[in-house]
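Summary of structural features
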Amino acid sequence: MVGDSLVRVRVDSSYDGAAFSGWAAQPGQRTVEGVLSETLGHVLRLPAAVRLTVAGRTDSGVHARGQVAHADLPAEAWAAHADGALRRLSRALPPDLRVRSIGVAPDGFDARFSALWRRYAYRICDDPARADPLRRHDTLWHPQHLDLAAMNEAAAQLLGEHDFAAFCRKREGATTVRALRRLEWARDTDGVAVGCVVADAFCHNMVRALVGALLPVGEGSRPAPWPAQVLAAMARDPLVRVVPAHGLSLEEVRYPEPEQLAARAVLTRRVRVAGDG
């Protein structure tokens, strides 16, 4: 709850990002936020679209299985329409966007600032015999075989809290300091290389640039220490290409226990003094 007249609601969603121009609402563009906020307003019989705060603003073409947002809604409207809201949303939303759960959030919950970390996955098929046309919208087809052991050796040197300016698109007044907790590669049962990337938060293009820096290592054209050297330079390197968006998916956002939500939000706001998240 956020007050007598408003109630904070948590919304968990999944989407195929192929036909969306990213999460954030943009005039004249089909975005996840635009479709979801308008549909929520319609389902809850509100006079306008719902304003959403999201855990991670995914870029155009990026998918999500575990996106989280919150909305502060009129308590009367929520009480009147909460029952059956999920079912009505499933009928009203397009097939490439699903709400997985919706309900009153615990006290102190903030979808963006209460998060402990976000986990992304990036899928790469480097074997033409295993390229699955049914997965073409969420998997990058790569023409060269990748040495995942070499990529993991390079990735380990990037872990920890650093200024990731070399792997981010700089935004005015925003910090590029992030704590990278996990960056590792493994093959799934189909032989596809899947990168798991976990950090407290990500700046624009960070995951795709990190993957782009590791690909030359996996191909053997760059040594394992090279991505760490790029990181230390704290400047965008033209040799680091940002890989395509369609291989990337936001898999999970993790939050602390309910009694720690408000404190986590305060801490995150203090650490992210420039307001990036």
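Per chain, residue numbering runs from 1 following the sequence as it is written. Local features in a predicted model are, by the rule used here, given only for residues with pLDDT of at least 70; side-chain atom pairs are given and counted only at 80 or more, and totals for whole chains, interfaces and linings are based on all residues. Side-chain metrics rest on all non-hydrogen atoms present in the structure, leaving aside hydrogens and water.

**Description of the overall build of the protein**
Helix and strand content of the protein: seven helices and ten strands. Radius of gyration: over C-alpha atoms. The globule rule applied is 2.2 Å multiplied by the number of residues raised to the 0.38 power. The globule rule puts the C-alpha radius of gyration for 277 residues at 19 Å, and the 20 Å found for the protein is close to it. Taken over the C-alpha atoms alone, the protein extends approximately 60 × 45 × 35 Å along its principal axes. Accessible area is worked out with a 1.4 Å probe on protein chains only. A residue is then buried under 20% of its type maximum, exposed over 50%, and partly exposed in between. Counting over 277 residues, the protein shows a buried share of 51%. Throughout, a contact is declared for two residues whenever any of their heavy atoms are within 4.5 Å. If you take every contact in the protein between residues at least 6 apart in sequence, the share linking residues at least 24 apart comes to 73%. Averaging the coordinates of the 35 positive side-chain charges in the protein and doing the same for the 32 negative ones gives two points 2 Å apart. The helix and strand labels rest on DSSP assignments: H or I over at least four residues marks a helix, E over at least two residues marks a strand, and numbering proceeds from the N terminus. Counting rule for charge: Lys and Arg are taken as positive, Asp and Glu as negative, and neither His nor the chain ends is counted. Note on charges: their place is set at NZ of Lys, CZ of Arg, CG of Asp or CD of Glu.

**Describing the state of the cysteines**
The disulfide criterion is simple: two cysteine sulfur atoms within 2.5 Å. Taken as a whole and assessed by the stated rule, the structure comprises one disulfide. The disulfide that involves Cys 168 links it to Cys 203, with 1.9 Å between the sulfurs. Residue Cys 168 is located in the loop between strand E7 (160-163) and strand E8 (177-187), and its partner Cys 203 is located in the loop between strand E9 (193-199) and helix H5 (206-219); the two are separated by 35 residues in the primary sequence. Exposure class is identical for Cys 168 and Cys 203. Each is buried. The structure places no disulfide on Cys 125, whose sulfur is separated from the nearest cysteine sulfur, that of Cys 196, by 19 Å. By relative accessible area, which is 4% here, Cys 125 ends up buried. Taking relative accessible area as the criterion, Cys 196 reaches 13% and is therefore assigned buried.

**A short note on the environment of Ser 13**
Mapped onto the elements of the fold, Ser 13 is located in strand E1 (residues 6-15). Sequence separation between Ser 13 and Ala 64 is 51 residues, and the spatial gap between their C-alpha atoms is 7.7 Å. Contacts of Ser 13, omitting those with residues within four sequence positions, involve Arg 65, Gly 66, Gln 67, Leu 97, Arg 98, Val 99 and Arg 100.

**Examining H5**
Its 14 residues give H5 an end-to-end C-alpha distance of 21 Å, which sits within 8% of 20 Å, the value for a rise of 1.5 Å per residue. With 13 of 14 residues buried, H5 is to be regarded as a mostly interior element. Where H5 terminates, the next one or two residues include Gly 220, which has phi positive at roughly 90°. Each residue after the first adds 1.5 Å to the expected span of a helix.

**Digging into the side chain of Asp 110**
In this structure, Asp 110 sits in the loop between strand E4 (97-104) and strand E5 (117-125). When its relative accessible area of 8% is taken as the criterion, Asp 110 is described as buried. Any pair of nitrogen or oxygen atoms within 3.5 Å is treated as a polar contact; in protein, a donor-acceptor pairing is required on top of that, and neighbouring residues in sequence qualify only through side-chain atoms on both sides. For Asp 110, the side chain forms a polar contact with the main-chain nitrogen of Arg 112, separated by 2.9 Å. Within the structure, the side chain of Asp 110 is placed 2.8 Å from the backbone nitrogen of Phe 113, a separation counted as a polar contact.

**What about helix H6 (residues 226-233)?**
Three or more residues of H6 are buried, namely Trp 226, Pro 227, Ala 228, Val 230 and Leu 231. Buried residues along H6 sit in contact with helix H4 (148-156), E7 and H5. Residue Met 234 follows H6 closely and has a positive phi angle near 55°.

**Brief notes about the packing of helix H1 (residues 32-43) against helix H3 (residues 85-92)**
Two numbers describe how H1 lies on H3: the axes approach to 10 Å, and their chain directions differ by 125°. Relative to H3, the element H1 is oriented oblique. Two packed elements cross with a definite hand, and for H1 against H3 that hand is right-handed. Between H1 and H3, the contacting residues are Thr 39, Leu 40 and Val 43 on the first element and Ala 85, Arg 88, Leu 89 and Ala 92 on the second. Basically, the charged four are Asp, Glu, Lys and Arg, the nonpolar ten are Ala, Val, Leu, Ile, Met, Phe, Trp, Tyr, Cys and Pro, and anything else, Gly included, counts as polar. Classifying every residue of the contact of H1 with H3 gives five nonpolar, one polar and one charged. Lines fitted to the C-alpha atoms define the axes, with helices restricted to the stretch that makes contact. Angles between their N-to-C directions range from 0 to 180 degrees. For classification purposes, angles smaller than 35 degrees are called roughly parallel, those larger than 145 roughly antiparallel, those between 65 and 115 roughly perpendicular, and all remaining angles oblique. Handedness of a crossing follows from how the near helix is turned relative to the far one, being left-handed for an anticlockwise turn of less than a right angle and right-handed for a clockwise one.

Spatial relationships are all this shows, so hold off on functional conclusions.
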